[in-house]
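What follows is the residue order along each chain.
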Amino acid sequence: SNLYLSMSFYFKKLGYDGWNEFKEAYLKELDYLYLNQEVDANIPFVVNDDMMNIAYNLCILERETVQDTYSLIQHDDLQKAIRLLRDCEQIDIYGRTPHIHIARSFQSRMSILHRHVHLCSLSDELDSTYLMSDDQHIAIVISYSGHASQMKHLLEKLKEKKTPIIAITNIEDNDLSLAADVTLRMSSRELIYTKIADFSSSLSLKYLLDILYSCIFSLHYQENLDSCIKI
């Protein structure tokens, strides 16, 4: 009885009503992780592969990653994210340094649409960006694990500032996704401690940011097209 109560406490702390809901979510995640893939996202090539094998495997991995990311997109979530980005005055992107490097392309493209994007690395000491945030800002918070260091503090402060949060994270319910107003899911087949590089997650993130940019572009298509051509 005490064990059951103790387990129930932890399930609720994780955001589940009890054992059955936790089990269902866990089995669903296992089904996703072990779905047949032609190339392993963690170790896409092995010791005897020659250059052409490596090139082919990475080609297949990229194709599978984009298809997997697309399959995780929910129409209503994407629509809500686009509405939030459309209506805000400033976009702030928070993430680890490798994610910020990927987001620089998004920042550059959005500037052509006259939208200001500020980048803030979670790998370093948080700068003052979140202190200047308010309900006219949008925070895009990127974390593959959803439990990154400084995450809890950042999310608490953004909530205090009433800043809407768009999360980009893996398929599980984690600190980030539970705090966010809307969540976009990255391809989540990489294992944090066994992968040889961020091949899959980096491409998945780029694809999601490309989608956000393209959807914002499409809101005023001809005007933005003319602007791009002029620039």
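Described in the following lines is the structure provided in the data block. (Residues numbered from 1 in each chain as written. Predicted model: local features only at pLDDT ≥ 70, side-chain atom pairs only at ≥ 80, totals over all residues. Heavy atoms only, no water.)

In this section: the packing of aromatic side chains. Taken as a whole and assessed by the stated rule, the structure comprises 2 aromatic pairs. Centre to centre, the rings of Phe 217 and Tyr 221 are 5.4 Å apart; their planes meet at 80°, and the pair counts as edge-to-face. Look at Phe 217 and you get buried, because its relative accessible area is 10%. Using a relative accessible area of 47% as the deciding quantity, one classes Tyr 221 as partly exposed. These aromatic residues form a ring-pair network of at least three members: Tyr 213, Phe 217 and Tyr 221. A cation over a ring is seen here: Arg 109 above Tyr 213, with NZ or CZ 5.7 Å from the ring centre. (Phe/Tyr/Trp six-rings, centres within 6.5 Å; stacked < 30°, edge-to-face > 60°. Buried < 20%, exposed > 50% of the residue type's maximum accessible area, 1.4 Å probe, protein only. Lys NZ or Arg CZ within 6 Å of the ring centre and 35° of its normal.)

Here the focus is the nonpolar core. Of all hydrophobic cores here, the largest spans 33 residues; its most connected members are Ile 93, Phe 106, Ile 140, Ile 166, Ile 168 and Leu 212. Elements with a minimum of two residues in this core: helix H4 (75-87), strand S1 (90-95), helix H5 (97-112), strand S2 (117-121), strand S3 (137-142), strand S4 (165-169), strand S5 (182-185) and helix H8 (199-219). The biggest single contributor to this core is H8, with 8 residues. Ignoring any residue separated from it by four or fewer positions in sequence, one finds Ile 168 in contact with Ile 140, Val 141, Ile 142, Ser 143, Leu 176, Leu 184, Met 186, Leu 205, Leu 208 and Leu 209. (Core = buried A, V, L, I, M, F, W, Y, C linked by side-chain atoms within 4.5 Å. Helix = DSSP H or I, 4+ residues; strand = E, 2+ residues; numbered from the N terminus. Contact = heavy atoms within 4.5 Å.)

Before going further, it helps to spend a moment on the pattern of salt bridges. Throughout the structure, instances matching the rule amount to 9 salt bridges. The salt bridge involving Arg 63 is made with Glu 38; its shortest N-O contact spans 3.8 Å. Taken together, the residues Arg 63 in helix H3 (residues 51-72) and Glu 38 in the loop between helix H2 (19-33) and H3 connect sequence positions 25 residues apart. When the shortest N-O distance is used, the salt bridge between Glu 190 and Lys 195 registers 3.4 Å. The exposure class of Glu 190 is buried, given its relative accessible area of 4%. (Salt bridge = Lys/Arg side-chain N within 4 Å of Asp/Glu carboxyl O.)

Here the focus is H5. Spanning 16 residues, H5 covers 23 Å between terminal C-alpha atoms, matching the ideal 22 Å at 1.5 Å per step. Maximal helix bending in H5 amounts to about 30°, located at Ala 103. Check the buried side of H5 and you find it contacts S1, S2, S3 and H8. Just past H5, the residue His 114 takes up positive phi, approximately 60°. (Expected span 1.5 Å × (residues − 1). Bend = angle between axes of the 7 residues up to and from the residue.)

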